[in-house]
Every structure is written in C-alpha cells, then in structure tokens.
Amino acid sequence: METVEMNSVSLKRPHSEDDVDNADEIKRQKILEKSKAGNDSGQSIETVTEQPEDMKSEIVPNEESEEQEEEELEDSDEDGDPESFADMMKHGLTESDVGITKFVSSHKGFSGILKERYSDFVVHEIGKDGRVSHLDDFSVPVDDEDPSEETFTVLSEEDKQRLEELQLFKNKETSVAIEVIEDTKEKRTIIHQAVKSLFPGLETKTEDRDGKKYIIAYHAAGKKALANPRKHSWPKSRGSYCHFVLYKENKDTMDAINVLSKFLRVKPNIFSYMGTKDKRAITVQEIAVLRITAQRLAHLNKCLMNFKLGNFSYKNHPLKLGELQGNHFTVVLRNITGTDDQIEQAMHSLREIGFINYYGMQRFGTTAVPTYQIGRAILQNNWNEVMDLILKPRPGAEKGYLVKCREEWAKTKDPAAALKKLPVKRCVEGQLLRGLLKYGMKNIISAFGIIPRNNRLMYIHSYQSYVWNNMVSKRIEEYGLRAVPGDLILKGATAVHIEEGDVDNYTIHDVVMPLPGFDVIYPKHKIGEAYKEMLVADNLDINNMRHKIRDYSLSGAYRKIIIRPQNVNWEVVAYDDPKIPLFTTDLDKLEGKPLPVLPADGKFRALKMEFSLPPSTYATMAIREVLKMDTSIKNQTQLNTTWLR
C-alpha cells in the first residue's frame, strides 16, 4: 500500500437548506430559540462523530437581564454576502496548517458537494450496547400517576406568563393568584397539578377572596427552589430519569438542550447525554432528563420546530459522556465527478484500509488565531500571550460586535471599555474581560479561570491534537502503512513497543501514537525524536508536561493512526433536482413520506454512503479520504465564493 501526497480538489460550497432560508421560518426559529446559550458561527462543515468530553462547551447559566437581547443579537448578526465572507476566510486555516497532509489510498480524487443540504448528513448514535438510536415511536408510557391531559390546557396564556415571571423572579411579586372559574374540587385539583408540574419550584394553596376561590402560587423555598425537580411528587415505582430519543435538524446538541429547558422551565443541567452531535446535520441520539414525565416531553412535539422527541422510557440512571460505541453516518455527496471505477476504488479502500485518524478542522477553530496557539501559550505559562491571542484584533469572519470589542481593547487595554462594546457577554472574550475587570490585569490566571473549565481545556487539547496530526503525517511519510519496530501498540490499556521479532504479528491498524503528556511513552524510532524536536521548538519540555496549575497538566493519551469504518455501504444515484432528498429519515418514515422517484439518467450523480465510526473520530476525515479534498473552510470558500449560509 502506498501513501499519496495531498492534492487540492475543486469543491463547491453547500447551499443552505431551502426550508431554513424561508424568512418566516427563520423568524419563528428566533422566537423559539430564546434559550440559545452556545456560540454558533453556522459556518463550520466539520462533523465530529463524537466530541470528546474535553471539547464540549459547558452550558453557561442564563443571565436573566441580558438573555433575550444577547440571543437576538447572536441570531440577527449576519456574516455578510458570500463574496465578502470568502474574502475574510483567506485568513483562515487550511489542512496543512494543522498537520493534515497525507492520504492512504492510491485512487484519483474527485469532487463532490458535502452537505449541500443539512439533510444530506444524518447521524445515528450507537449506544454502549451496540444498538443504533432511531426515532420510531411517539407513544407515551401509560402511567396512572401522570396528570390528566387537561393539566396542559387549564391555564390561560396570561396565567402561564405571570407564573413564569414569578418562577424566574422577573418581577417583585411574591405570589400569583388564579381565579377558579366554574369552581369544583376537581377543577381546583387540576390547576394545582398544572402549576406544580409546569412550573417546578412553585407551591400552591387555595384561598377564599370576596366569595371567590383562588389558587395562590408562591415560591416554596426562595430562589434555590427555582426549577428544581420535585422529589416529593415523583412516584417511587417509576425510574427517576425519563430517557428519550431526540431527533433534531440543523441544531447542535447544546442549543437543543437549552431550547428544551426553556420550554420545560427547568435548568439545562438536569439533562444528560452520551455525546454532542453536529449542527449542520440531522442527528438522532438518546437523552435523559431528571424527573420530567414523558407526557410533558411529548407535548413539546406540538410546539417545537426542527425537533422531535419519542421512544420514551423510565430508568433509574442518567446517561454519561462517552458511554457509546460511536455513530452511524448516512451521507450524500452530490454532483460528484468521479467515474464508476474511481468511486468503487475509493469506497473499497475506505472499507478495507480506512483513513488516517486525523483530528479534523473543527478542533482548531476557523479564524486567523487557531485554538492550538492559545493552548501552546497556556502550556508555556505565557499568560500575557494567552490574553492577547484571545482579545487582539484578528482578520477573518467574525460578528461585528466582536470586531468593535477587539478594536477597543487594542486601543485602550481597558476591560470595562471593551466590555461595553460587547453586548453578548457569554462568549469567551466577554468572560475573560469580566475576569480582568474582577481580578485586575496583573492576575490574568484568575481572570482566565472565569471561562468554563471545558472551554479552557479545549485550548490545550487543541495543541495536543496539533502535535498529534503533525507527528502522524511524519510517521506515515517515514514508514508508510506497515507496522515497524519501535511503533506503539496497546495491550489492554498499556502501550508497548513493537520489537523486531514481533513486527510480523501486527499491522498498521494496531499502531497507536501518543498525544503528548506526562503519562505516555513515545515511539522508539525517528518519530520519537520528532516529538521532542517539535515541543522544543515550541519552548516546551516533553519530559515535563506537568503544569503548576493542575488543570493544565497533560497526562496524554493514545490514539489509533488508521481507522477502518464498519458497516460501509454505498450507492451511486442519478437526480435532476438538487433540492429533493435522496433517502428517507426516521421522521419521514413516521410520517409516511415516500422516497421521491429518481430518474434513471438524471443530470447529476450523487454518492450515497453509510459507515459507522467509533467515538472521537471525525467523519469528514473519512470523506476527505474518499474525495481527496481539503475540508477546510478556507479552501472551500476560495474554490467557490457562492458558498451561502
């Protein structure tokens, strides 16, 4: 098997899904997404099969006074026309910038459109038991202790608004009185149930006022009671966690959970999941939520757009990050140019050999300041550099308010003045500026510590990934696709070197490479020295990866250098209309939508491919191997400036 140097291949920018482009749809989405807490650029096409825990953003608690304004700004700030966006992305990263330079297959590359529609990319989670998650059942488990259906309709919209303001402490009222019309004991009972189940943290009592019955809602135990799951109202015979399948379109997992928590009026941290899923895709995954009934969750299907919930069950345990076998992908590459022979060769190679297990472009950010540079500065203990890299002006595609904030910082170095230019304060820049305001410019370490831990660790793990990518490219260039003496393999969880006499017992699929750290060993050949040289060039000591701040000490890890996907299947289909779907989703099947009839000799050809990947593996690195293309946004926008959001 030979390795092949990377060539640039023409690739078109995916167009936005036609239904999301609809103005009314966008307006309705903005209304529904008031709880959005993440930072969406909407521009990354990278898809990770499973972001490891270290790459996941924490859900930043809502700040009630700023929340609505910030979300509207995040949603409304556009990145400009395609030409200007492409021009700005000239400053972005390419694959070679982060060490992605090699291929394993010998076939000639061909072009195709990746994610022309987000529905061309479907991800189904694979649980730890090997079961693939599917949405195929909307029914709700029967439970005698569930409230009646009338619970969800007995309160007027005005009552719900007043109760929500009381629940969220949005006014100075200490209680809300709801008059009982058509007073009966049954009616009062339903109102009591409705308030307690729909507005966790509130208690109720009945009072007589001027000969009329009122249900009085009030806080049970001050602010700490806000939206806490109600232990005393949950049947002992029922599992504490409602597990369900979440089907979502064009929305990442964090955003989805924030939307669900907003509609349920609960805190996001009562949800658990095994991994985050990509935004620009249709994804199906399991979610668990503490003490929320399937009945309440099912009602969300009537009011949420781009989400569906189903396959409900009660269990006694939450879900844990990483507790999964991987993900199954169904991908359509449209308008492909490859011959049938090229496609067959490419797909056979993917199935038999696999692809280089590079960390994909999403790991390193999309702007002129890669995340690995910030990670390197943290490891160097160069905190002025960390602050500068995060806050300084940078060329490239960014929100307008961020540009103004950076300009103010460059001009004044005044955190208060820069913060005033930043209406969205939950971003990393806003959090760091608030930290500097609180702790002062001479205590950058504490100021940086205000940023959620997972976000801080993202930077140093990005640096590890940068080193790993570069070293793997060197390893493949030096030794090709065979195991050699001095390579590392895993025996259980322990890494050992391949000895000369054992080399024939192993293949390239057994070989692992270390992410640098204090608890790993390195190959006993040229690449071991290359690790040391790369870190020396970055003013780091490979033999001392412990940091004086424990959080930033790197223990290291091992990662297979070649991944062979499982369950690989493919088909070439012809089509005329680029807007028609080329396969049916779980929701299509539930709604009985037939697959469109495709012409035998359509104007365009598409490659439909399916494969399963383990966690922490990037799907676009597999697609890169098939097409022989650079997956960076910079490359794709330069090749086609009509890339629309």
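Quick caveat: nothing in here was measured; it's all calculated off a predicted structure.

Quick look at the overall build of the protein now. On a plain count of helices and strands, the protein comes out with 20 helices and 20 strands. Here the protein holds 645 residues, and 57% of them are scored as buried. Carbon and sulfur atoms make up 47% of the accessible area of the protein, which amounts to about 27900 Å² in all.

What follows deals with the confidence of the model for the protein. Predicted confidence across the protein gives a mean pLDDT of 81, with 80% of residues reaching 70 or more. Here residues 1-83 scores under 50 on pLDDT; set against residues more than four positions off or in separate chains, the count is 256 contacts. In the model, residues 639-645 has pLDDT below 50 throughout and makes 33 contacts with residues more than four positions away in sequence or in other chains.

Taken in spatial order, the four strands of this open sheet run 15-14-16-17, and their pairing is antiparallel. With partners counted over all chains shown, the strands left at the sheet margins are strand 15 (494-497) and strand 17 (557-560), one partner each. Strand-to-strand twist across the sheet, computed as the mean angle between neighbouring axes with direction ignored, equals 55°. The pairing of strand 14 (residues 488-491) with strand 15 spans four bridges and is classified as antiparallel.

Residues Phe448 and Met609 are the most contacted members of the largest nonpolar core, which totals 104 residues. Beyond its immediate stretch of four places on either side in the chain, methionine 609 contacts Phe329, Thr330, Val331, Leu333, Met347, Leu350, Asn569, Trp570 and Val626. In terms of nonpolar packing, the next biggest core, distinct from the first, is built from 28 residues, Ala256, Leu264, Tyr273 and Leu300 among them.

Residues other than glycine seldom take positive phi values, yet asparagine 381 does so here, at roughly 65°. One can find asparagine 381 in the loop between helix 10 (371-379) and helix 11 (383-391). The backbone phi angle of lysine 413 is positive, close to 50°, even though this residue is not glycine. Summarising the element assignment, lysine 413 is placed in the loop between helix 12 (400-412) and helix 13 (415-420).

In this section: the sheet that holds strand 6 (residues 202-209). With antiparallel pairing, three strands are arranged side by side in an open sheet as 5-7-6. Each edge of the open sheet is held by one strand with a lone partner, namely strand 5 (175-179) and strand 6. The sheet shows a mean angle of 25° between the axes of neighbouring strands, direction not considered. As paired elements, strand 6 and strand 7 (residues 212-219) share eight bridges and run antiparallel to each other. Within strand 7, the residue paired with glutamate 203 across the bridge is tyrosine 218.

Rules used throughout
- Residue numbers run consecutively from 1 along every chain, following the written order of its sequence.
- Owing to the predicted nature of the model, reporting of local features is limited to residues with pLDDT of at least 70; listing and counting of side-chain atom pairs is limited to 80 or more, with chain, interface and lining totals taken over all residues.
- The side-chain quantities take in all heavy atoms of the structure and omit both hydrogens and water.
- Per the convention used, a helix needs a DSSP run of H or I reaching at least four residues, while a strand needs a run of E reaching at least two, with both numbered from the N terminus.
- The buried label applies to any residue whose accessible area, calculated with a 1.4 Å probe on protein chains only, is under 20% of its type's maximum; exposed applies above 50%, and partly exposed to all values in between.
- Here, Shrake-Rupley sampling with a 1.4 Å probe gives the accessible areas, and only protein chains in the shown set may cover a residue.
- As a per-residue quantity, pLDDT reports the predictor's confidence and falls between 0 and 100.
- Contact definition: two residues touch when any of their heavy atoms are within 4.5 Å.
- Paired strands, in this sense, are two strands between which DSSP finds at least two bridges.
- To define axes, lines are fitted to C-alpha atoms, for helices over the stretch in contact only, and angles between the resulting N-to-C directions are given on a 0 to 180 degree scale.
- Take the buried residues of types Ala, Val, Leu, Ile, Met, Phe, Trp, Tyr and Cys, join any two whose side-chain atoms come within 4.5 Å, and each joined set is a nonpolar core.

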